[in-house]
Amino acid sequence: MKKLNKKLLIGTGVAFSLLFSPFSQAFAEEPTTGERKQVDNVAHRGAAGYAPENTIASFGLAVDMKADYIEIDVQRSKDGELVVIHDTTVDRTTDGKGKVGDLTLEQLRSLDAGSWKGEEFAGEPIPTFEEILDRYHGKVGILIELKAPELYPGIEEQVAEALSERNLDKPQNEKIILQSFNFDSMKKMDELLPHVPVGVLTSNRALTTKAALKEISTYAEWFNPSYGIVTEDVVNEVHSQGMQIGSWTVRSQEAADFLFDMKVDAIITDYPDYVDPRNE
């Protein structure tokens with residue numbers, strides 16, 4: 001019953017938002033724009049095509065580009081603090097070396113996470129999870145990916161606590177979504193935060209069968225596949241199981257246009273301007 005109530009609340013919110021949307025008249029007058037307004041524009045690690053991923057520079061640019069959500073990756077430092085970084089090592093996106101979980105927060109914060117993308121971003125630090133929540137909740141949706149949660153036992157409880165402290169665990173706050181490639185982690189998040197939508201990430205075509213999607217729908221509201229395995233049949237089956245579908249990672253206009261044609265619910269992209277016609 002819990003899942004039904006959760007989906008009903010989310011669905012009701014969507015219905016009301018569409019009913020009173022200023023774009024509702026545009027659906028009839030400008031079909032292309034109207035269609036695109038119904039697709040959530042999710043800035044992958046921020047506007048990562050233009051600024052260093054998972055930094056304030058990238059998230060701020062995504063907000064400026066009118067993204068509906070920013071997508072962030074959450075891991076944990078050696079001393080137990082939640083930080084926002086994609087790779088399980090700092091080697092690619094900072095001037096440091098080593099595993100995220102082997103470095104303290106102070107060590108992580110001292111790294112330059114911007115220069116690799118351009119000198120204008122020199123000195124951008126690795127943000128903390130709580131910093132991102134405090135800065136952006138209420139301004140933009142936040143799609144929170146638990147990155148390799150199997151490396152950080154108890155991280156689900158920490159994430160749940162940080163959200164609950166900010167009253168972001170309530171059904172009216174629908175612009176918080178949790179996701180992971182680790183399905184067991186998402187089952188745990190669903191138990192900890194029954195009113196917060198959760199999603200599963202995959203590039204495995206075997207998980208797009210009716211049986212697989214039916215099982216996933218027992219705890220998840222979102223099925224988020226790589227766009228290489230998206231078909232009309234997959235989208236229809238996801239919808240028939242009462243879930244929404246968000247696909248990743250769009251790095252070309254052609255990929256964005258393909259996903260529009262497939263009628264997905266969200267497009268996860270490094271380039272928010274490929275999704276939102278207001279940036280054209």
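As a starting point, this report considers the structure included with it. In this text, all values refer to a predicted model and were calculated from it rather than measured experimentally.

The next thing to look at is the overall build of the chain. Helices and strands together make up the secondary structure of the chain, namely 11 helices and nine strands. For the chain, the residues scored as buried account for 53% of the 280 residues in total. The long-range share in the chain, meaning contacts at least 24 apart out of those at least 6 apart in sequence, stands at 58%. When the accessible surface of the chain is split by element, carbon and sulfur atoms take 52% of a total near 12,600 Å².

What follows concerns the pattern of salt bridges. On inspection of all chains with the given rule, the structure shows 15 salt bridges. Between glutamate 53 and arginine 92 there is a salt bridge, and its shortest N-O distance comes to 2.8 Å. With a gap of 39 residues between them, glutamate 53 in the loop between β1 (40–44) and α4 (56–64) and arginine 92 in the loop between β3 (82–84) and α5 (105–109) connect regions that are remote in the sequence. Taking relative accessible area as the criterion, glutamate 53 reaches 10% and is therefore assigned buried. Judged by relative accessible area, which is 39%, arginine 92 ranks as partly exposed.

Another aspect to go through is the environment of glutamate 71. Secondary-structure assignment places glutamate 71 in strand β2 (residues 69–76). Residue glutamate 71 is classed as buried on the basis of its relative accessible area, which comes to 1%. Sequence separation of glutamate 71 and glycine 46 is 25 residues, and the distance between their C-alpha atoms is 6.3 Å. Apart from residues no more than four positions distant in its own chain, glutamate 71 is found in contact with Val42, Ala43, His44, Arg45, Gly46, Asn54, Phe59, Leu143, Glu145 and Gln179. Side-chain polar atoms of glutamate 71 contact the backbone nitrogen of arginine 45, separated by 3.0 Å.

Next up on the list: the pairing of strand β7 (residues 222–225). Because side chains alternate across β7, one face comprises the buried residues Trp222 and Asn224, and the other comprises Phe223 and Pro225, equally buried. With helix α9 (residues 210–216) bridging strand β6 (residues 198–202) and its parallel neighbour β7, the resulting β-α-β unit is right-handed. Sheet topology places β7 next to strand β8 (residues 244–250); two bridges connect them, and they run parallel. Its bridge partner lying in β8, tryptophan 222 is registered against glutamine 244. Each parallel crossover has a hand, and the one from β7 via helix α10 (residues 232–240) to β8 is right-handed.

Quick look at the packing of aromatic side chains now. Counting across every chain of the model gives four aromatic pairs. Judged by centre distance (5.1 Å) and plane angle (85 degrees), the rings of tyrosine 50 and tyrosine 271 are edge-to-face. You can see tyrosine 50 sitting in the loop between β1 and α4 and its partner tyrosine 271 sitting in the segment after β9 (266–269), a full 221 residues away along the chain. Looking at tyrosine 50, the relative accessible area reads 33%, which means it is partly exposed. Residues tyrosine 271 and tyrosine 274 carry aromatic rings whose centres are separated by 4.9 Å and whose planes lie at 25 degrees to one another, so their mutual orientation is stacked. Each member of the aromatic cluster is reached from another via a ring pair, and the members are Tyr50, Tyr271 and Tyr274. Here the guanidinium or amino end of lysine 175 rests over the ring plane of tyrosine 69, the centre of that ring lying 5.1 Å away.

Relative to the elements of secondary structure, glutamate 215 occurs in helix α9. Exposure remark for glutamate 215: the relative accessible area of 41% places this residue in the partly exposed category. A C-alpha to C-alpha distance of 9.3 Å links glutamate 215 and glutamine 241, two positions 26 residues apart in sequence.

Here helix α6 (residues 129–136) crosses helix α7 (residues 155–165) at 30 degrees, and the two axes come no closer than 11 Å. One finds that α6 runs roughly parallel with respect to α7. The hand of the α6/α7 crossing is right-handed. For the pair α6 and α7, the contacting residues are Phe129, Glu130 and Leu133 in the first and Val159, Ala162, Leu163 and Glu165 in the second.

Okay, unusual backbone geometry next. Between tryptophan 248 and threonine 249 the backbone carries a cis peptide bond, its omega angle lying at -25 degrees. Looking at the element boundaries, threonine 249 is found in strand β8. Non-glycine residue asparagine 54 carries a positive phi angle of around 55 degrees. Its place among the elements puts asparagine 54 in the loop between β1 and α4. The buried category is assigned to asparagine 54, whose relative accessible area is 3%. Positive phi, normally seen in glycine, also occurs at alanine 148, with a value near 50 degrees. On the basis of relative accessibility, which here comes to 16%, the residue alanine 148 falls in the buried class.

Cut-offs applied
Residues numbered from 1 in each chain as written. Predicted model: local features only at pLDDT ≥ 70, side-chain atom pairs only at ≥ 80, totals over all residues. Heavy atoms only, no water. Helix = DSSP H or I, 4+ residues; strand = E, 2+ residues; numbered from the N terminus. Buried < 20%, exposed > 50% of the residue type's maximum accessible area, 1.4 Å probe, protein only. Contact = heavy atoms within 4.5 Å. Areas by Shrake-Rupley, 256 points an atom, 1.4 Å probe, with all protein chains shown as cover. Salt bridge = Lys/Arg side-chain N within 4 Å of Asp/Glu carboxyl O. Polar contact = N/O pair within 3.5 Å; in protein donor to acceptor, adjacent residues only side chain to side chain. Right-handed = clockwise from strand over helix to strand, strands pointing away. Pairing = 2+ DSSP bridges. Phe/Tyr/Trp six-rings, centres within 6.5 Å; stacked < 30°, edge-to-face > 60°. Lys NZ or Arg CZ within 6 Å of the ring centre and 35° of its normal. Axes fitted to C-alpha atoms, helices over the stretch in contact; angles between N-to-C directions. Parallel < 35°, antiparallel > 145°, perpendicular 65-115°, else oblique. Left-handed = near helix turned anticlockwise from the far one by under 90°.

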